[in-house]
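# Results of the structural survey
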Amino acid sequence: MILPDNLISIQQRIAAACARAGRDVNSVTLLAVSKSHPPETIRASVECGQIYFGENKIQEAKAKIPLCPGNARWQFIGHLQSNKVRDAVELFEMIQGVDSLAIAQEISKRAAQAGKTMPILIEVNVAGEASKFGYAPEKLLAELNELNALPKIEIHGLMAIPPFTPLPEKARPYFKKLRELKVECEKILGAPLPHLSMGMSGDFEVAIEEGATIVRVGTALFGERLSSVRRAPE
Ligand SMILES: *Cc1c(COP(=O)(O)O)cnc(C)c1O
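Values in this document were obtained by computation on a predicted structure and should not be read as measured data.

This part takes up the site of the ligand. Around the ligand, the surrounding shell consists of Val33, Lys35, Asn56, Ile77, Ile161, Met200, Ser201, Arg216, Val217, Gly218, Thr219 and Arg225. Taking serine 201, its side chain carries an N or O atom lying 2.5 Å from an oxygen atom of the ligand. Note that an oxygen atom of the ligand is positioned 2.8 Å from one of the backbone N or O atoms of glycine 218. Burial of the ligand by the surrounding chains reaches 89%, relative to a free accessible area of 380 Å². Residue composition of the shell around the ligand, grouped by class: 5 nonpolar, 4 polar and 3 charged.

Structure follows, in structure tokens:
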């Protein structure tokens, strides 16, 4: 079967990258990006031992998660709209991709109403791309204390989606930049931030060499997403 083979191969590649970097293999979490894939795929993955799943659309997650095994654990990845925050707080155990003070405030407010504290990762626009979401590094450093003061969020680290490149080495400087920014954030906060979420199907090994603790892998695990190859009717 394709799925167990892909999963084993990715786990081996994660282990090899950890070995090259002198890191413990348990310091890296594989987040299986299951967007566009049906509950049966999640079920098969859970049966192979995969625990963590990432989704980037609230509507899809809301329909899908109740149909999936109860021991699957869910993280939201990407940009979140404020009218979706209430659902996100309910559905996910971590929100990766907080990119403004306003959205962080909304998460804190909704988490308070739900009686919980929400772990978040802050998204950084590491290459300054006009088309991408995420904090500019300087803005994050300026707003960090204000973010951290919100009562019902817990900042667990940073995430980034560097520019796509077919050459993984080209992403290395961006991964390094995110790692260095995390150190600056830790100095401001006076506390360690455990997570760096970086690296996708094409470049997760380089990301691990640069310190990733969460790699977000979709295509290499599940194959091409239908939604990304299907064209809208003319
Ligand atoms: C879709 C997605 C991924 C996975 O990308 P692949 O190239 O399929 O591994 C990772 N992170 C985010 C934020 C995504 O939206």
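Moving on, we get to the environment of cysteine 18. By secondary structure assignment, the location of cysteine 18 is in helix α1 (residues 2–20). Linking cysteine 18 and glutamate 210, residues 192 residues apart in sequence, is a C-alpha distance of 10.0 Å.

Glancing now at the packing of aromatic side chains. One pass over the full model with this rule turns up 2 aromatic pairs. An angle of 35 degrees between the planes, with centres 5.4 Å apart, marks the rings of phenylalanine 53 and tryptophan 74 as tilted. On the criterion of sequence distance, the pair formed by phenylalanine 53 in strand β2 (residues 52–55) and tryptophan 74 in strand β3 (residues 73–77) is long-range, its members being 21 residues apart. Judged on exposure class, the residue phenylalanine 53 and its partner tryptophan 74 are both buried.

Alternating positions in strand β8 (residues 214–217) separate into two faces, Ile214 and Arg216 on one and Val215 and Val217 on the other, with burial throughout. With 4 bridges joining them, strand β1 (residues 29–33) and β8 adopt parallel strand pairing. The residue of β8 that forms the bridge with alanine 32 is valine 217.

This part covers the pairing of strand β4 (residues 94–98). When you tally the buried positions in β4, you get 5 out of 5 residues, the bulk of the element. Alignment of β3 against β4, held across 3 bridges, turns out to be parallel. For phenylalanine 76, the partnering residue across the bridge sits in β4 and is isoleucine 95. Crossover β3 to β4 through helix α4 (residues 85–91) is right-handed. Each parallel crossover has a hand, and for β4 linked through helix α5 (residues 101–114) to strand β5 (residues 118–123) it is right-handed.

Reading the values: the criteria
Residues numbered from 1 in each chain as written. Predicted model: local features only at pLDDT ≥ 70, side-chain atom pairs only at ≥ 80, totals over all residues. Heavy atoms only, no water. Near = heavy atom within 4 Å. Polar contact = N/O pair within 3.5 Å; in protein donor to acceptor, adjacent residues only side chain to side chain. Areas by Shrake-Rupley, 256 points an atom, 1.4 Å probe, with all protein chains shown as cover. Nonpolar A, V, L, I, M, F, W, Y, C, P; charged D, E, K, R; others polar. Helix = DSSP H or I, 4+ residues; strand = E, 2+ residues; numbered from the N terminus. Phe/Tyr/Trp six-rings, centres within 6.5 Å; stacked < 30°, edge-to-face > 60°. Buried < 20%, exposed > 50% of the residue type's maximum accessible area, 1.4 Å probe, protein only. Pairing = 2+ DSSP bridges. Right-handed = clockwise from strand over helix to strand, strands pointing away.

Treat this as a map of the structure, not an account of what it does.
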